[in-house]
Amino acid sequence: MTDLSATTGVTDRPSGASAAPRAADTSSCVRDFLDRQVPPTPCLVLDLAVVRSRYTGLRSMLPDARVCYAVKANPQPEVVAELVGLGASFDVASPGEIDLCLANGATPESISYGNTIKKPVDIARAHELGVRLFATDSAADLDNIAAAAPGASVFCRVLVDNEGSRTPFGRKFGCDPETAARLLERASRLGLDPYGASFHIGSQQHDPEAWEHGIVAAREVFDQVTGVRPRMVNLGGGLPASYTQAAPPPRDYAERIEAALDRNFGSERPELLIEPGRHLVGDAGVLRSEVVLVTPETGGQRRWVYLDVGRYNGLAETEGEAITYRLRTARDGDATGPVVLAGPTCDGDDVLYQDTSYELPVTLRGGDWVDLLSAGAYTASYSSVGFNGFAPLPTYCLDSRAVGHTAGDVRTERP
Ligand SMILES: Cc1ncc(COP(=O)(O)O)c(C=O)c1O
């Protein structure tokens with residue numbers, strides 16, 4: 001089986017499908033499934049073996065860090081169950097995700113409620129289910145936690161520069177280190193455990209040095225608190241998947257994180273959490289789509305290729321062309337030409353790529369398949385509404401390393 005964790009087949013130039021397919025583009029198991037079973041499109045096919053290898057790789061690179069999978073990246077139950085089996089913890093955003101984790105074997109102690117925006121009723125529900133770890137970044141939320149989850153541990157999220165991230169968070173979450181220090185002191189007065197500080201350096205972060213900003217900010221929080229002793233730093237998410245723009249290898253990230261921790265904490269090394277989402281599941285997935293229509297180049301207008309998947313049924317992260325998926329088509333090897341790629345809905349914003357230069361085979365026709373590689377993160381999970389009557393994206397899970405696996409075995413099917 002081809003381990004996608006080894007995939008370096010990204011190009012700096014988003015050339016779409018112009019190159020011949022690379023062997024390492026996806027696992028042979030996923031290809032076999034798509035070619036033999038020909039599932040209705042669009043659909044996402046995930047190889048759980050890739051999720052496993054990403055998780056174990058991260059554990060070995062950052063052995064001191066408790067790995068909390070950010071469930072929002074792909075809440076497929078089989079992914080959660082697989083990670084439970086490997087001893088993972090979970091970062092959740094709502095009681096719905098807590099239920100999902102518990103239903104798939106996670107213990108309440110392994111769950112961190114990482115959303116700073118939550119209703120009192122949701123905090124109470126999490127507490128009732130046994131969750132004892134909560135993120136916060138405001139006095140109002142902290143007071144709600146103290147009332148609905150007495151005695152819980154809390155960590156305070158600091159706002160950090162997201163430069164280098166393809167999908168930055170803006171200013172929605174986090175506070176400055178001084179405010180975080182005051183919140184942890186307040187937590188202690190409210191009978192909570194002021195456990196530590198967290199940050200998120202922005203998703204699909206291309207700069208391994210970026211973690212330094214967060215680690216410095218966490219150090220500031222630790223230095224500015226009085227009367228309490230926080231003991232944990234949560235390194236957040238941000239580790240990349242393989243899209244068209246090459247990102248440094250995972251080991252570079254681990255080394256820079258370790259070095260920043262040494263510089264800022266020395267022998268007072270805190271407990272560590274890390275919350276990878278995209279890195280664990282992104283490269284495990286292939287999204288198969290079908291060409292609905294191709295309209296030829298006319299009067300200076302590029303050729304338009306309309307797929308049966310778009311912004312509202314799986315490709316939300318193409319907004320602003322932030323995430324540029326690698327493509328593969330049924331006609332790779334034929335001559336290529338520039339295209340605008342768009343989704344199937346009646347919405348004018350449902351255009352995937354018009355500024356990023358993609359080239360696809362000139363022979364591409366309606367009915368042909370187009371695969372979007374490394375599409376396991378933030379695709380099916382964003383596709384839950386059914387806008388314009390297009391169904392949410394179904395997911396199939398395979399395991400290319402399962403004992404007794406034969407090509408095309410489907411471990412699950414959720415059309
Ligand atoms: C609190 C938190 N942690 C972790 C993640 C996962 O981030 P990534 O997919 O970049 O690893 C997210 C993503 O939104 C998040 O909000």
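Residues numbered from 1 in each chain as written. Predicted model: local features only at pLDDT ≥ 70, side-chain atom pairs only at ≥ 80, totals over all residues. Heavy atoms only, no water.

### Looking at unusual backbone geometry
Cis peptide bonds are those with omega within 30 degrees of zero, and the linkage from T41 to P42 qualifies with -5°. Of note, the phi angle at Q204 is positive, near 45°, even though the residue is not glycine. Checked against the element boundaries, Q204 lands in strand β9 (residues 203-205). When its relative accessible area of 0% is taken as the criterion, Q204 is described as buried. The phi dihedral of Y378 is positive, around 55°, even though this residue is not glycine. Along the polypeptide, Y378 turns up in the loop between β17 (369-372) and β18 (395-398). (Helix = DSSP H or I, 4+ residues; strand = E, 2+ residues; numbered from the N terminus. Buried < 20%, exposed > 50% of the residue type's maximum accessible area, 1.4 Å probe, protein only.)

### Topic: the pairing of strand β15 (residues 336-342)
Of all seven residues in β15, five are buried; the element is thus mostly enclosed. Inspection of the sheet shows strand β13 (residues 303-307) paired to β15 by four bridges, in the parallel sense. Residue pairing for β15: Y306 is matched across the bridge by A342. Sheet topology places β15 next to strand β16 (residues 351-361); six bridges connect them, and they run antiparallel. From the neighbouring strand, G337 faces β16, where its bridge partner is L360. (Pairing = 2+ DSSP bridges.)

### Observations concerning the UniProt feature "domain: Orn/DAP/Arg decarboxylase 2 N-terminal" (unreviewed entry) in the protein chain
Sites flagged by UniProt as "domain: Orn/DAP/Arg decarboxylase 2 N-terminal" (unreviewed entry) map to residues 50-281. Measuring from the first to the last C-alpha atom of residues 50-281 gives 8 Å, for a span that is 41% helix and 18% strand. (UniProt positions renumbered as here; feature names shortened; annotations may be inferred.)

### What to know about the packing of helix α7 (residues 177-189) against helix α8 (residues 211-224)
Two quantities define a packed helix pair, namely the angle between the axes and the distance from one axis to the other. One can describe the packing of α7 onto α8 by two numbers: an axis separation of 8 Å at closest approach and a directional angle of 50°. Between α7 and α8, the crossing angle belongs to the class labelled oblique. Handedness of the α7/α8 crossing: right-handed. Note on element contacts: α8 touches α7 through A217, E220, V221 and Q224, opposite P177, E178, A180, A181, R182, L184 and E185. Class assignment of the residues belonging to the contact of α7 with α8 gives a composition of six nonpolar, one polar and four charged. (Axes fitted to C-alpha atoms, helices over the stretch in contact; angles between N-to-C directions. Parallel < 35°, antiparallel > 145°, perpendicular 65-115°, else oblique. Left-handed = near helix turned anticlockwise from the far one by under 90°. Contact = heavy atoms within 4.5 Å. Nonpolar A, V, L, I, M, F, W, Y, C, P; charged D, E, K, R; others polar.)

### Considering the domain arrangement of the protein chain
Domain annotation of the protein chain identifies domain 1 (4-46 + 282-414) and domain 2 (75-276). Put simply, the middle of domain 1 and the middle of domain 2, counted by C-alpha atoms, are 32 Å apart. Each partner contributes to the interface: domain 1 provides 25 residues, whereas domain 2 provides 15 residues. A combined buried area of about 1700 Å² lies between domain 1 and domain 2, and 55% of that area is made up of carbon and sulfur atoms. On inspection of domain 1 and its partner domain 2, the count reaches zero salt bridges. Between domain 1 and domain 2 we count six residue pairs in polar contact (both at pLDDT 80 or more) in total. Listed by contribution, the elements that provide at least two residues to the side of domain 1 that touches domain 2 are β18 and β19 (412-414). The residue makeup of the side of domain 1 that touches domain 2, split by class, is nine nonpolar, eight polar and eight charged. (Domains from an automatic or database assignment. Buried area = accessible area lost by both parts, 1.4 Å probe. Salt bridge = Lys/Arg side-chain N within 4 Å of Asp/Glu carboxyl O. Polar contact = N/O pair within 3.5 Å; in protein donor to acceptor, adjacent residues only side chain to side chain.)

### Let's talk about the environment of V281
Within the secondary structure, V281 is located in helix α10 (residues 278-281). By relative accessible area, which is 0% here, V281 ends up buried. Not counting residues up to four positions away in its chain, the partners in contact with V281 are L46, V51, Y69, A73, N74, V79, G376 and A377.

### Thoughts on the nonpolar core
Among the nonpolar cores identified, the biggest contains 100 residues, and F90, F134 and W211 are the most heavily contacted of them. Not counting chain neighbours up to four residues away, the residues in contact with W211 comprise F199, I201, Q205, L235, G237, G238, L239, Y253 and I257. (Core = buried A, V, L, I, M, F, W, Y, C linked by side-chain atoms within 4.5 Å.)

### A few points about the layout of surface pockets
As a volume, the largest pocket reaches approximately 750 Å³. What lines the largest pocket is a set of 32 residues, and nearest its centre among them are K72, R157, F169, F173 and Y378. The set of elements that each furnish at least two residues to the lining of the largest pocket consists of β3 (89-92) and β6 (153-157). Split by domain, the residues of the lining of the largest pocket number at least three in each of domain 1 (4-46 + 282-414) and domain 2 (75-276). (1 Å grid on protein atoms, 1.4 Å probe; cavity = no way out; pocket = protein on both sides within 12 Å on 5 of 7 lines; lining within 4 Å. Points joined across faces, edges and corners; volume = space filled by probe spheres on them.)

### Focus: the site of the ligand
Near the ligand there are 15 residues, and of these S203, E275, G277, R278 and Y378 occur at the shortest range. Contacts to the ligand include K72, whose side-chain N or O atom sits 3.4 Å from an oxygen atom. Contact between the ligand and R278: an oxygen atom at 2.9 Å from a main-chain N or O atom of the residue. Compared with its free state, where it exposes 400 Å², the ligand has 92% of that area covered by protein. Judged by its atoms lying within 2 Å of the grid points, the ligand is housed in the largest pocket. Of the residues in the shell around the ligand, the class split is four nonpolar, six polar and five charged. (Near = heavy atom within 4 Å. Areas by Shrake-Rupley, 256 points an atom, 1.4 Å probe, with all protein chains shown as cover. Sits in = over half its atoms within 2 Å of the grid points.)

### Overview of the confidence of the model for the protein chain
When the pLDDT values of the protein chain are averaged, the result is 91; 91% of them are 70 or greater. For the stretch residues 1-24, pLDDT sits under 50, and the model shows 64 contacts to residues farther than four places along the chain or on other chains. (pLDDT = per-residue confidence, 0-100.)

### Remarks on empty space enclosed by the protein
Evaluated as defined, the whole model comprises two cavities of 30 Å³ or more. In terms of lining, the largest cavity is formed by R157, V158, L159, V160, N162, F169, G170, F173 and H200. Looking at the lining of the largest cavity, its residues break down into five nonpolar, three polar and one charged. In this structure, the second largest cavity spans a volume of roughly 30 Å³. If you trace the second largest cavity, you find it lined by L58, M61, L62, L239, P250, Y253, A254, I257 and I274. Mapped by element, the contributors of at least two residues to the lining of the second largest cavity are α2 (48-61) and α9 (250-265).

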